[in-house]
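Examining the three-dimensional arrangement
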Amino acid sequence: MSENSIKYLTSKEEKKQSFRLSEINQQLSILNKPTKIDVDQIDNSYIHPSQMYIIVVGDKATVLEPLKKLGYPIIEMDIDNLGK
């Protein structure tokens with residue numbers, strides 16, 4: 001292989017790498033700026049509230065009353081009744 005062909009291959013590889021970086025930057029730009037429509041489509045496709053559990057950990061005196069106002073069923077647990 002001549003010296004010129006080595007330079008050509010190097011240049012070709014640099015172009016491929018530059019294209020990959022450009023493509024990655026474009027994808028990152030899209031991922032960093034989701035629209036409400038994007039979020040709604042994901043929400044409707046993958047998230048089903050009727051099949052979810054919400055776990056809240058914190059000071060009962062602080063979090064319990066605001067949680068009750070949300071209207072969801074609440075199951076209280078503490079370290080003493082885990083697994084019972």
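All of the points below concern the structure found in this document. Source: prediction; values computed, not measured. (Residues numbered from 1 in each chain as written. Predicted model: local features only at pLDDT ≥ 70, side-chain atom pairs only at ≥ 80, totals over all residues. Heavy atoms only, no water.)

Some thoughts on the pattern of salt bridges
- In this structure the tally under the stated criterion is 2 salt bridges.
- Between Lys60 and Glu76 there is a salt bridge, with the nearest N and O atoms lying 2.7 Å from each other. Of the two residues, Lys60 sits in helix H3 (residues 60-69) while Glu76 sits in the segment after H3, which places them 16 residues apart along the sequence.
- Residue classification places Lys60 among the exposed positions, given a relative accessible area of 51%.
- Its relative accessible area of 43% is what places Glu76 among the partly exposed residues.
- As a salt-bridge pair, Lys68 and Glu65 come within 3.6 Å of each other at their nearest N and O atoms. In this pair, Lys68 and Glu65 are both assigned in helix H3, 3 residues apart and thus about one turn of the helix distant.
- Look at Lys68 and you get partly exposed, because its relative accessible area is 45%. (Salt bridge = Lys/Arg side-chain N within 4 Å of Asp/Glu carboxyl O. Helix = DSSP H or I, 4+ residues; strand = E, 2+ residues; numbered from the N terminus. Buried < 20%, exposed > 50% of the residue type's maximum accessible area, 1.4 Å probe, protein only.)

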